[in-house]
Amino acid sequence: FTVPIHDYSDNALCSTYIQYAASRNGGEMKEIERLDVHEQWAHSGIIKAGDFCFLGYCVGNIGGTIEQQINGAFDEMEKRLAMVGLTLENVVQMDCLFRDVWNIPVMEKIIRERFNGKYPVRKSIQTEFAHVGGETGLQFQADAIAYCPK
């Protein structure tokens, strides 16, 4: 399928996916399902809206090596996807945030090992995480959009 996208900002992309999903359901969005809700952070770990699931703040093994943190983030992503009967192979788009973007090759190796050749489109961004661990704490975070076939 083709989704026309005219504005490539994340909010517009999310909005375009939701509009597309609504059009597939007779013009109306069915129920939006929020799972893995964290009241303290005012955050949902995964939201199912129409034919798509949106995942945010997938992290794990904070304080470990970059390889451990990337695997931990994908473990968390798998856990959330399993809540709606999906796997990493359903992921169609990822935003990958790094403290050091030069660690992209480590992530690419892990993606090859875990996504079974069903690679999502992605972008990688370097950031200084606002995290209590500072430079030795959080090194990697992934956000994703997954396709939810009927």
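Reading the values: the criteria
- Residues numbered from 1 in each chain as written.
- Predicted model: local features only at pLDDT ≥ 70, side-chain atom pairs only at ≥ 80, totals over all residues.
- Heavy atoms only, no water.
- Phe/Tyr/Trp six-rings, centres within 6.5 Å; stacked < 30°, edge-to-face > 60°.
- Helix = DSSP H or I, 4+ residues; strand = E, 2+ residues; numbered from the N terminus.
- Buried < 20%, exposed > 50% of the residue type's maximum accessible area, 1.4 Å probe, protein only.
- Pairing = 2+ DSSP bridges.
- Axes fitted to C-alpha atoms, helices over the stretch in contact; angles between N-to-C directions.
- Expected span 1.5 Å × (residues − 1).
- Contact = heavy atoms within 4.5 Å.
- Core = buried A, V, L, I, M, F, W, Y, C linked by side-chain atoms within 4.5 Å.

S.K.: What is the right way to read the packing of aromatic side chains from this model?
M.R.: Note on aromatic pairs: each is described by the distance of the centres and the angle between the planes. In the structure shown here, the tally under the stated rule is 5 aromatic pairs. With a centroid separation of 5.4 Å and an interplanar angle of 80 degrees, the aromatic rings of F74 and F115 are classed as edge-to-face. Here the residue F74 occupies a position in helix 2 (residues 66-82), and F115 occupies one in the loop between helix 3 (104-114) and strand 5 (121-126), the gap between them amounting to 41 residues. Like F74, the residue F115 is buried in the burial classification. Pairwise contacts between aromatic rings join F74, F98, F115 and F140 into one cluster.

S.K.: Any chance you could explain the sheet that holds strand 2 (residues 43-49) here in plain terms?
M.R.: Hydrogen bonding along the main chain pairs the strands of a sheet, whether they run parallel or antiparallel. With respect to topology, 6 strands assemble into an open sheet ordered 1-2-3-6-4-5, the strand pairing being mixed. Pairing within the sheet leaves two strands with one partner each, and these edge strands are strand 1 (33-38) and strand 5. If you compare each strand with its neighbour and ignore which way they point, the axes differ by 10 degrees on average. With 4 bridges joining them, strand 2 and strand 3 (residues 52-58) adopt antiparallel strand pairing. By the bridge assignment for strand 3, A49 is matched with F52.

S.K.: For this particular structure, what's the right way to read helix 2?
M.R.: An α-helix turns once per 3.6 residues; consequently, residues spaced three or four apart project the same way. Between its first and last C-alpha atoms helix 2 spans 24 Å; for 17 residues at 1.5 Å apiece the expected length is 24 Å, and the two agree. Of the residues making up helix 2, those classed as buried are I66, Q69, I70, G72, A73, F74, E76, M77, R80 and L81. Lining the buried residues of helix 2 we find strand 1, strand 2, strand 3, strand 4 (91-98), helix 3 and strand 6 (140-147).

S.K.: Teacher, can you tell me more about the nonpolar core here?
M.R.: Across soluble globular proteins, nonpolar side chains show a tendency to be buried alongside one another. Counting 26 residues, the largest nonpolar core has L55, F74, M77, M94 and F140 as its most contacted members. For this core, the secondary-structure elements that each account for two or more residues are strand 3, helix 2, strand 4, helix 3 and strand 6. Counting residues per element, this core draws most heavily on helix 2, which supplies 6 residues. If sequence neighbours within four positions are ignored, M77 has contacts with L55, C58, L88, V91, M94, A142 and A144.

S.K.: Looking at this model, I keep getting lost on the pairing of strand 6. Mind explaining?
M.R.: For a regular strand, side-chain orientation follows a simple rule: the groups alternate between the two sheet faces. Most of strand 6 is tucked away, with 6 of its 8 residues classed as buried. Note: strand 3 against strand 6, 5 bridges, orientation antiparallel. Residue C58 lies in a different strand from strand 6, and its bridge partner there is A142. The sheet contact formed by strand 4 and strand 6 spans 7 bridges and is antiparallel.

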